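Listed below, chain by chain, are the residues.
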Amino acid sequence: MPSTHQLTQRQIRFTQRQIRCMEKLPEGHKMVNTRYGTPIVRRPDGQLFGVQPNGRLAATIRVERVRSYLDVHG
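Residues numbered from 1 in each chain as written. Predicted model: local features only at pLDDT ≥ 70, side-chain atom pairs only at ≥ 80, totals over all residues. Heavy atoms only, no water.

Topic: the environment of Pro 26
Reasoning step 1: When you line up the elements, Pro 26 lands in the loop between α1 (16-23) and β1 (30-35).
Reasoning step 2: Measuring from C-alpha to C-alpha, the distance between Pro 26 and Pro 44 comes to 9.7 Å, with 18 residues separating the pair along the chain. (Helix = DSSP H or I, 4+ residues; strand = E, 2+ residues; numbered from the N terminus.)

In structure tokens, the structure reads:
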């Protein structure tokens, strides 16, 4: 299911090296989110990578959303 949310100004503050790295991504790679200001890229095989400030890709783990037991009613 494709996401249509727009990135906030805070999420867009990338270094020039990160931007160049994202511009040169191979076909099928897609920026899917940011985590603490780091762009997160998904490869065609589903693996996630963070674009480091120096422009290199670093493997990252997938973090699933969870619902706090404090929010569960019933």
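Side note on the environment of Cys 21
Reasoning step 1: Among the secondary structure elements, Cys 21 is positioned in helix α1.
Reasoning step 2: On the basis of relative accessible area, Cys 21 is assigned to the buried category, the value being 14%.
Reasoning step 3: Taking the C-alpha atoms as reference points, Cys 21 and Gln 52, 31 residues apart in sequence, are found 9.4 Å from one another. (Buried < 20%, exposed > 50% of the residue type's maximum accessible area, 1.4 Å probe, protein only.)

Quick notes on the pattern of salt bridges
Reasoning step 1: Within the structure shown, the criterion is met by one salt bridge.
Reasoning step 2: Notably, a salt bridge pairs Asp 45 with Arg 43, separated by 2.5 Å at the nearest N-O pair.
Reasoning step 3: For Asp 45, a relative accessible area of 55% puts it in the exposed group.
Reasoning step 4: Looking at Arg 43, the relative accessible area reads 26%, which means it is partly exposed. (Salt bridge = Lys/Arg side-chain N within 4 Å of Asp/Glu carboxyl O.)

Some thoughts on the sheet that holds strand β3 (residues 48-51)
Reasoning step 1: If you trace the four strands from one edge of the open sheet to the other, you get β1-β2-β3-β4, paired in antiparallel fashion. Every other strand in the sheet has two partners, leaving β1 and β4 (57-59) as the edge strands with one partner each. Each strand of the sheet is rotated relative to its neighbour by a mean of 35°, with strand direction disregarded.
Reasoning step 2: As judged from the three bridges shared by β3 and β4, these two strands associate in the antiparallel manner. When the bridges of β4 are listed, Val 51 appears paired with Leu 57.
Reasoning step 3: Lying over the sheet, α1 contacts β1, β2 (38-42), β3 and β4, oriented at roughly 140° with respect to β3. (Pairing = 2+ DSSP bridges. Axes fitted to C-alpha atoms, helices over the stretch in contact; angles between N-to-C directions. Contact = heavy atoms within 4.5 Å.)

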